[in-house]
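In case you want the letters, here they are:
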Amino acid sequence: MNSVFNQHININFANDISLTIKREDLIHPFVSGNKFRKLKYNLLQAKAENKNTLLTFGGAFSNHIAAVAFAGKEQGFKTIGIIRGDELFDKIEENPTLRFAQENGMCFEFVSREEYRLKNETFFLEKLKAKFGDFYLVPEGGTNELAVQGCEEILTNEDSGFNYVCCAVGTGGTISGLINSALPNQKILGFPALKGDFLNDEIRIFAKKDNWNLISDYHFGGYGKINLELIEFINAFFEKTKVPLDPIYTGKMVFGVIDLISKNYFPAHSKILLIHTGGLQGIDGMNLKLKQKKLPILKTND
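**Observations regarding the sheet that holds strand 7 (residues 164–169)**
In step 1: One open sheet accounts for six strands, arranged 1-2-10-7-8-9; its pairing is mixed. The open sheet terminates on both sides in strands that have one partner only, identified here as strand 1 (6–9) and strand 9 (212–214). Strand after strand, the sheet turns through a mean of 25° between neighbouring axes, direction not considered.
In step 2: Pairing geometry for strand 8 (residues 187–192) and strand 9, over three bridges, is parallel. Note on strand 9: the bridge partner recorded for isoleucine 188 is tryptophan 212.
In step 3: Packed on one face of the sheet, helix 11 (residues 250–262) meets strand 2 (18–23), strand 7, strand 8 and strand 10 (271–276) and runs near 165° to strand 10.

Below, the structure written as structure tokens:
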């Protein structure tokens with residue numbers, strides 16, 4: 001299966017450097033990429049615990065919220081999404097992600113940003129249990145030990161020839177799985193989509209090796225931030241390769257890798273594997289914002 005997903009990028013680079021992208025976005029039409037990996041063992045655990053409801057957290061355009069809604073429906077679970085931003089309660093129809101999740105059976109609880117910060121506090125979770133009954137908790141972004149176990153399956157024997165494996169970083173679960181499953185000859189490079197240095201500590205909770213670095217120069221101002229340079233890059237990359245990239249995660253990572261190649265960061269003859277973690281469902285919502293700002297929209301098809 002994985003050989004179908006490994007697509008060589010036909011761009012000529014100096015020093016005989018090659019790029020290949022692993023199309024994890026193609027695993028499932030609605031639960032794509034790292035969301036499929038993160039939910040795999042969590043859903044099995046929820047069934048083992050005889051839970052019939054999944055509860056999770058996310059923002060208005062969250063890939064995770066969309067994935068949990070569809071996976072829950074597919075696997076026979078009720079789903080509850082605790083959504084950051086109480087001003088969104090009457091804007092579901094205007095939001096492609098929330099609309100998709102609702103159409104797939106997810107019930108929402110909209111909370112203020114202040115309240116949302118309490119999502120890991122015991123008293124807040126007890127309050128949710130009092131309101132919704134018993135549920136299986138899936139953390140924001142899906143990252144926990146079971147999610148990391150799923151992400152350890154991204155790399156296969158077919159990927160043993162790559163010197164570098166690169167991925168975008170949100171909550172740290174995907175890169176932790178890659179770190180744990182990488183071979184001794186492989187270096188894992190993470191490209192955070194958020195500003196801040198806290199991710200190193202988050203990753204060390206799950207990562208069992210020191211074969212990794214975070215490169216924090218390509219977040220474009222922070223989570224969800226995008227500018228004309230990134231839009232033009234993503235669209236040019238699509239024209240060249242026919243691979244669509246999301247602007248929140250994978251687009252920034254690919255931009256960073258290609259920029260680092262131009263700056264001679266990688267040794268000659270390096271073989272680089274890029275992990276496409278999905279997230280394409282968020283493009284519709286981003287394009288609505290870009291139209292409002294009178295910026296070009298992102299292309300996902302010819």
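Past the structure itself, the notes keep going.
**Thoughts on helix 4 (residues 96–103)**
In step 1: All of the buried residues along helix 4 are Pro96, Thr97, Leu98, Phe100 and Ala101.
In step 2: Looking at the buried residues of helix 4, the elements they touch are helix 3 (63–75), strand 4 (78–84), strand 5 (106–111) and helix 12 (283–292).
In step 3: For helix 4, the N-terminal cap is asparagine 95; the gap from its side-chain oxygen to the backbone nitrogen of threonine 97 is 3.0 Å.
In step 4: At the exit of helix 4 stands glycine 105, carrying a positive phi of roughly 95°.

**Notes on the packing of helix 3 against helix 4**
In step 1: One way to put it is that helix 3 packs onto helix 4 with a least axis distance of 8 Å and a crossing angle of 15°. As the angle between them shows, helix 3 and helix 4 are arranged roughly parallel. Where helix 3 crosses over helix 4, the handedness of that crossing is left-handed. Between helix 3 and helix 4, the contacting residues are Ile65, Ala66, Ala69, Phe70 and Lys73 on the first element and Thr97, Phe100, Ala101 and Glu103 on the second.
In step 2: Taken together, the residues of the contact of helix 3 with helix 4 break down into six nonpolar, one polar and two charged.

**A closer look at the sheet that holds strand 3 (residues 53–58)**
In step 1: A sheet is described by the order of its strands in space; here four strands give the open sequence 5-4-3-6, paired in parallel fashion. Strands with a single pairing partner mark the edges of an open sheet, and in this sheet they are strand 5 and strand 6 (136–138). Across this sheet, the average inter-strand angle for adjacent strands is 20°, counted without regard to direction.
In step 2: With three bridges joining them, strand 3 and strand 6 adopt parallel strand pairing. Residue pairing across strands places threonine 56 opposite valine 138, the latter belonging to strand 6.
In step 3: Along the sheet, helix 3 contacts strand 3, strand 4, strand 5 and strand 6; its crossing angle with strand 3, the most-contacted strand, is approximately 170°.
In step 4: Against the sheet, helix 4 touches strand 4 and strand 5, its axis set at about 135° to strand 5.

What counts and what doesn't
- Residues numbered from 1 in each chain as written.
- Predicted model: local features only at pLDDT ≥ 70, side-chain atom pairs only at ≥ 80, totals over all residues.
- Heavy atoms only, no water.
- Pairing = 2+ DSSP bridges.
- Helix = DSSP H or I, 4+ residues; strand = E, 2+ residues; numbered from the N terminus.
- Axes fitted to C-alpha atoms, helices over the stretch in contact; angles between N-to-C directions.
- Contact = heavy atoms within 4.5 Å.
- Buried < 20%, exposed > 50% of the residue type's maximum accessible area, 1.4 Å probe, protein only.
- Polar contact = N/O pair within 3.5 Å; in protein donor to acceptor, adjacent residues only side chain to side chain.
- Parallel < 35°, antiparallel > 145°, perpendicular 65-115°, else oblique.
- Left-handed = near helix turned anticlockwise from the far one by under 90°.
- Nonpolar A, V, L, I, M, F, W, Y, C, P; charged D, E, K, R; others polar.

Everything listed here is a matter of geometry and, on its own, says nothing about what the molecule does.
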